[in-house]
Amino acid sequence: TQRAIGIYPETKHPSYHRALGLSLEDGLLAMLAKEGWSEKTSPVIVQSFEPSSLKYIRAHSAIRLMQLIGQPDETPYDFVRAQDPRSYRALLSDGLEEIASYANALGLPKNILMETVAPARASPKILIARAHAANLEIHVYTFRDETQFFVSGFADNASDEYWSYFALGIDGVFSDFPDTAIAARKSFAAETKSRA
């Protein structure tokens with residue numbers, strides 16, 4: 001393609017693996033370093049639901065990191081093991097500065113921004129503005145073209161669903177249908193530019 005294509009790996013269940021003596025982070029960092037990917041400008045973002053995994057990586061690398069957020073009332077598994085009672089809702093309500101100390105972005109499930117489980121009852125734009133003020137990007141997951149995966153009100157209209165999230169000011173999306181995502185992004189950008 002004559003251009004760099006980035007990767008977005010996730011450390012899956014890192015606390016579980018660490019308890020077995022298998023450090024996902026060390027192996028991942030070694031593989032990335034072998035490719036020369038150890039800087040913030042490297043075409044890689046590592047994601048995890050567990051803050052301790054990302055904090056470990058931050059202590060050993062400058063690559064970009066994303067804190068994945070589960071459903072608001074769930075608790076990160078490493079927090080459960082450490083008997084830390086905070087939920088993802090608490091992290092979004094009071095922990096954005098803490099997250100910004102080790103991560104570059106937040107990965108939010110689509111429903112957190114568009115449905116009634118919004119953290120701390122904040123409007124989507126307020127949550128995004130607070131994250132941006134803490135120097136965190138917002139990447140939303142996962143967009144799919146099948147009816148059962150649309151959020152309420154967007155059945156069978158993928159373009160409208162993407163547009164509604166782009167209009168909120170998010171910075172990126174995860175999609176199982178990148179052609180649909182790219183087409184929606186291009187049309188949204190063109191429409192926004194024509195209105196300026």
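The structure displayed is predicted, hence computed values, not measured ones.

S.K.: Which residues make up the pattern of salt bridges, and what are the values?
M.R.: Any two side chains of opposite charge can pair, given that their charged atoms come close. Inspection of the entire model under this criterion finds 8 salt bridges. Measuring nitrogen to oxygen at the nearest pair gives 2.9 Å for the salt bridge that ties Lys 110 to Glu 161. Of this pair, Lys 110 sits in helix H7 (residues 110–114) while Glu 161 sits in helix H9 (residues 158–168), placing them 51 residues apart in sequence. Summarising the burial analysis for this pair, Lys 110 and Glu 161 share the class buried.

S.K.: Kindly report on the nonpolar core, identifying the contributing residues and their values.
M.R.: Soluble globular proteins tend to pack their nonpolar side chains together in the buried interior. Counting residues in each nonpolar core, the largest one holds 42 residues, and the members touching the most others are Leu 106 and Leu 113. Looking at this core element by element, the count peaks at 5 residues for H9. Contact partners of Leu 113, with chain neighbours within four places excluded, come to Leu 108, Pro 124, Leu 127, Ile 128, Val 140, Tyr 165, Leu 168 and Ile 170. Judged by nonpolar contacts, the second largest core, of 6 residues, contains Met 66, Leu 68, Tyr 141 and Phe 174.

S.K.: Got a sec to walk through the pairing of strand E1 (residues 45–48)? Specific residues and values, please.
M.R.: Going residue by residue along E1, you find Ile 45 and Gln 47 tucked away on one face and Val 46 and Ser 48 tucked away on the opposite face as well. After leaving E1, the chain enters helix H3 (residues 51–60) and then returns to the sheet as strand E2 (residues 64–68), a path that is right-handed.

S.K.: I'd love a proper account of the packing of aromatic side chains, names of residues and values included.
M.R.: Both the distance between ring centres and the angle between the ring planes are used here to describe each pair of aromatic rings. What the rule picks out here adds up to 9 aromatic pairs. Both rings, one in Phe 49 and one in Tyr 141, keep their centres 6.5 Å apart while their planes meet at 80°; by these two values the pair is edge-to-face. Of this pair, Phe 49 sits in the loop between E1 and H3 while Tyr 141 sits in strand E4 (residues 137–143); the two residues are 92 residues apart in sequence, bridging distant segments of the chain. A relative accessible area of 17% means that Tyr 141 is categorised as buried.

S.K.: Explain helix H2 (residues 24–34) to me, and be specific about the residues and the numbers.
M.R.: Of the positions making up H2, those classed as buried are Glu 25, Leu 28, Leu 29 and Leu 32. Projected down its long axis, H2 carries its buried residues within an arc of 95°, all on one side. What points out from H2, more than 90 degrees from its buried face, is the exposed set Met 31 and Lys 34. Lining the buried residues of H2 we find helix H1 (14–19), E1 and H3.

S.K.: How would you sum up the packing of H2 against H3? Please name residues and give values.
M.R.: Between H2 and H3, the shortest axis-to-axis distance is 10 Å and the interhelical angle comes to 40°. On the basis of the axis angle, H2 is oblique to H3. Where H2 crosses over H3, the handedness of that crossing is right-handed. Judged by residue contacts, Glu 25, Asp 26 and Leu 29 of H2 engage Ser 53, Tyr 56, Ile 57 and His 60 from H3. Grouping the amino acids of the contact of H2 with H3 by side-chain chemistry returns 3 nonpolar, 2 polar and 2 charged.

S.K.: Can you break down the side chain of Gln 47 residue by residue, with the values?
M.R.: Its location among the elements puts Gln 47 in strand E1. For Gln 47, the residues in contact, after removing those within four places along its chain, are Tyr 8, Pro 9, Glu 10, Thr 11, Leu 54, Met 66, Leu 68 and Phe 174.

What counts, and where the lines are drawn
Residues numbered from 1 in each chain as written. Predicted model: local features only at pLDDT ≥ 70, side-chain atom pairs only at ≥ 80, totals over all residues. Heavy atoms only, no water. Salt bridge = Lys/Arg side-chain N within 4 Å of Asp/Glu carboxyl O. Helix = DSSP H or I, 4+ residues; strand = E, 2+ residues; numbered from the N terminus. Buried < 20%, exposed > 50% of the residue type's maximum accessible area, 1.4 Å probe, protein only. Core = buried A, V, L, I, M, F, W, Y, C linked by side-chain atoms within 4.5 Å. Contact = heavy atoms within 4.5 Å. Right-handed = clockwise from strand over helix to strand, strands pointing away. Phe/Tyr/Trp six-rings, centres within 6.5 Å; stacked < 30°, edge-to-face > 60°. Arc of directions from axis to C-beta. Axes fitted to C-alpha atoms, helices over the stretch in contact; angles between N-to-C directions. Parallel < 35°, antiparallel > 145°, perpendicular 65-115°, else oblique. Left-handed = near helix turned anticlockwise from the far one by under 90°. Nonpolar A, V, L, I, M, F, W, Y, C, P; charged D, E, K, R; others polar.

Coordinates in, geometry out; function isn't part of it.
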